[in-house]
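Architecture at a glance
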Amino acid sequence: MKMEAVRLVQFGETLASRHLGRQVRAVLAEALQRHGRIVVEMAGVEVAAPGFLDEAFAKLVHDGVRGTIELRHAPHGAEHLVRRLVARRKAMAAGGRAR
């Protein structure tokens, strides 16, 4: 089965703002609703700031969006940070403490 790919470089080489993260989250949520599993291609993205990553990826948990995202070619440290942010949002949703 071919997965839909969302290429983040279309939003710029530097992904830094929460505002932009909200825009990307809407695109990701729509793709996940259609396909359930997507690839997020980050080739060409030089910087992905924590606030952007929280808004774009981790808040999908807060919004109740379900599905699987495969990150490809993420800038150094971005994939690890996304995992931590998602885990934090899941803990918050379950009534746990944020760390």
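Refer to the structure presented above.
Here we summarise the structure given alongside this text. Along each chain, the written sequence defines residue order, and numbers are assigned to residues from 1. Only residues with pLDDT of 70 or above have their local features reported here, since the model is predicted, and side-chain atom pairs are shown and tallied only from 80 upward, although totals for entire chains, interfaces and linings are computed over all residues. Just so you know, side-chain values use all the structure's heavy atoms and leave hydrogens and water out.

Structural notes on the packing of helix H2 (residues 50-62) against helix H3 (residues 78-93)
Quick reminder of the rule: Each axis is a line fitted through C-alpha atoms, and for a helix only the stretch in contact is used; angles between axes span 0 to 180 degrees, taken between their N-to-C directions. The secondary structure listing takes helices from DSSP runs of H or I that are at least 4 residues long and strands from runs of E that are at least 2 residues long, numbered from the N terminus. Angle categories: roughly parallel below 35 degrees, roughly antiparallel above 145, roughly perpendicular from 65 to 115, and oblique for all the rest. For any pair of crossing helices, the crossing counts as left-handed if the nearer helix is rotated counterclockwise from the farther one by less than a right angle, and right-handed if it is rotated clockwise. Two residues qualify as a contact provided that any one of their heavy atoms is within 4.5 Å of a heavy atom in the partner residue. Each residue gets one of three labels, nonpolar for Ala, Val, Leu, Ile, Met, Phe, Trp, Tyr, Cys and Pro, charged for Asp, Glu, Lys and Arg, and polar for the others, Gly among them.
Between H2 and H3, whose axes approach to 9 Å, the crossing angle comes to 45°. The angle between H2 and H3 places the two elements in the oblique class. Read as a crossing pair, H2 and H3 show a hand that is right-handed. Contacts from Pro50, Leu53, Asp54, Phe57, Ala58, Lys59 and Val61 in H2 reach Ala78, Leu81, Val82, Leu85, Val86, Arg89 and Lys90 in H3. Broken down by class, the residue content of the contact of H2 with H3 amounts to ten nonpolar, no polar and four charged.

So, the environment of alanine 43
Rules: Note on classification: 1.4 Å probe, protein chains only; a residue is buried when its accessible area is under 20% of the maximum for its type, exposed when over 50%, partly exposed between these limits.
Checked against the element boundaries, alanine 43 lands in the loop between strand S3 (37-41) and strand S4 (47-48). Residue alanine 43 is classed as partly exposed on the basis of its relative accessible area of 36%. A sequence separation of 22 residues divides alanine 43 from glycine 21, and the C-alpha atoms of the two residues are 17 Å apart. In this view, alanine 43 contacts Val9, Arg72 and His73; residues no more than four positions away in its chain are not counted.

Re helix H1 (residues 18-35)
Note the following rule: In this analysis, the expected span of each helix is defined as 1.5 Å times one less than the number of residues it contains.
The end-to-end C-alpha distance of H1 is 25 Å, a good match for the 26 Å that 18 residues give at a rise of 1.5 Å each. What H1 keeps buried is the set Leu20, Gly21, Val24, Arg25, Leu28, Ala29, Ala31 and Leu32. Each element contacted by the buried residues of H1 is listed here: strand S1 (4-7), strand S2 (14-15), S3, H2 and strand S5 (68-72). Where H1 ends, the next residue or the one after it, glycine 36, has phi of about 80°, a positive value.

What to know about the sheet that holds S3
Note the cut-off: For two strands to pair, DSSP has to find at least two bridges joining them.
Judged by pairing direction, the sheet is parallel, and its three strands sit side by side in the order S1-S3-S5 without closing on themselves. The sheet terminates laterally at S1 and S5, the two strands that pair on one side only. Adjacent strand axes in the sheet meet at a mean angle of 25° when their direction is disregarded. Inspection of the sheet shows S3 paired to S5 by five bridges, in the parallel sense. Looking at the pairing, glutamate 41 lines up with arginine 72 of S5.

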